[in-house]
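Chains, contacts and geometry: an overview
The residues making up each chain are set out below.
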Amino acid sequence: MGEINRDIMLEKDWNQPCIHIDVPVPYEEDYQMKMLRYNEIEGLLRVSGIGREEESRYTYQTKGGVSLEKKYENQNVEKEMILSFIRQFMDVVENLRNYMLDPDCLLTGPEYIYEKDGRFGFCYLPVRQKSLYRSFHEMTEFFVKKLDYKDTEGIFLSYLLHRATLREDYDLREIMEEYEREERERRAEKEERADTERAQNSSVDGAVFMLEDELEEDSYEESKNQNYKMRINESAVNEEKRRYGPIGKVISRIKTGRWGSWNDLITEIDGQDEKGHL
């Protein structure tokens, strides 16, 4: 079955922790519903289904969780949340395959994903057929819109995901393994540079200290503080350029949230012209 043309209607019943999703197709008690009914699949919200006048209603137990749409209505998404979400998302997809269920039936819109105590619960809709590659890519748009623009690493991760998932046959697990490898390398390089800088500063401070008796104390302290601040600022700028490559040149604009639309950011980072050509 292809993707349903009519939008799925979401009804929230505030008298109990559940949501209802109505779809304009007759209800069918197929093997998927039996698999969902008789197995508690980790990462999925419990679901039941009924037919209603040539339509189907699926009811999901949220168990007091809050939808991502609601939770992040007035707060920012950060890097650690994105990483946790991706790990759990990949686990859910693997669980579905183990139960011979179609991952394309997983709803990835923020209004259908519920979070409680750091755990995410997903809705599985048997009649919903949409490429998981496409639906997860659309989820990256949610991360982008809700980013903390001062979280440089979160911006870099979101950009990586957004770009990598543009392909039709991407492997999310491979993308994340590559990201984690690069993160380990960046951390190692950062620690090595910090050790080198501490050693250099110690050497310089020792040499200056030998001359301290010949200098006015206030002049020495002012000069030392100014040199230290210059080194810190220069180090921070160079660090972002080294760690984030092309994205480093616009990182200051990203942090202020004043670069324009997300597409404008992608265009600038990728070195495209105004028409989007490379």
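The residue numbers shown here count from 1 along each chain, following its written sequence. Note on the predicted model: pLDDT of at least 70 is required for a residue's local features to be given, and 80 or more for side-chain atom pairs to be given and counted; whole-chain, interface and lining totals, by contrast, use all residues. Heavy atoms from the whole structure form the basis of all side-chain values; hydrogens and water molecules are not counted.

What follows concerns the sheet that holds strand E7 (residues 113–116). Across a sheet, paired strands are connected by hydrogen bonds in the backbone, their directions being either parallel or antiparallel. If you trace the 4 strands from one edge of the open sheet to the other, you get E5-E7-E8-E6, paired in antiparallel fashion. Strands at the two margins of the open sheet, each flanked by one partner only, are strand E5 (66–67) and strand E6 (106–107). A pair of strands counts as paired when DSSP detects no fewer than two bridges linking them. Working definition: helices are DSSP H or I runs of at least four residues, strands are E runs of at least two. Numbering for both runs from the N terminus. With 2 bridges joining them, E5 and E7 adopt antiparallel strand pairing. Its bridge partner being in E7, serine 67 is matched across the sheet by tyrosine 114.

What follows concerns empty space enclosed by the protein. Of the two site types, the cavity is a set of points on a 1 Å grid over the protein atoms alone where a 1.4 Å probe fits but cannot get out, and the pocket is an open set with protein on both sides within 12 Å along at least five of seven lines, each lined by residues with an atom within 4 Å of a point. Grid points are joined across faces, edges and corners, and a volume is the space filled by probe spheres set on the points. Per the counting criterion, the structure on display carries 1 cavity of 30 Å³ or more. Of the voids in this model, the largest cavity is the one considered here, and its volume is about 60 Å³. Lining the largest cavity, in full, are Leu36, Asn39, Glu40, Ile41, Leu44, Leu45, Arg46 and Val47. Three classes are used: nonpolar for Ala, Val, Leu, Ile, Met, Phe, Trp, Tyr, Cys and Pro, charged for Asp, Glu, Lys and Arg, and polar for all others, with Gly counted as polar. The residue inventory of the lining of the largest cavity, partitioned by class, reads 5 nonpolar, 1 polar and 2 charged.

It is worth spelling out the side chain of histidine 20 at this point. Here histidine 20 shows up in strand E2 (residues 18–23). In the analysis that follows, any N or O atom pair within 3.5 Å is treated as a polar contact, provided that within protein one partner can donate a hydrogen and the other can accept it, and provided that, for residues neighboring in sequence, both atoms belong to side chains. Of note is the side chain of histidine 20, whose polar atom sits 2.8 Å from the side chain of threonine 59.

Here the focus is the packing of helix H3 (residues 79–98) against helix H5 (residues 152–164). To describe two helices that pack against each other, one gives the angle between their axes and the distance between the axes. Angles run from 0 to 180 degrees between N-to-C directions of axes, and those axes are lines fitted to C-alpha atoms, restricted for helices to the stretch in contact. Contact geometry for H3 and H5: axes closest at 8 Å, N-to-C directions at 40°. Contacts between H3 and H5 involve Lys79, Ile82, Leu83 and Ile86 from the former and Glu153, Gly154, Leu157, Ser158 and Leu161 from the latter. Classifying every residue of the contact of H3 with H5 by side-chain character gives 5 nonpolar, 2 polar and 2 charged. Contact definition: two residues touch when any of their heavy atoms are within 4.5 Å.

Tracing the chain through its elements places asparagine 74 in the loop between helix H2 (68–71) and H3. For asparagine 74 and lysine 146, which are 72 residues apart along the polypeptide, the C-alpha to C-alpha distance reads 8.8 Å.

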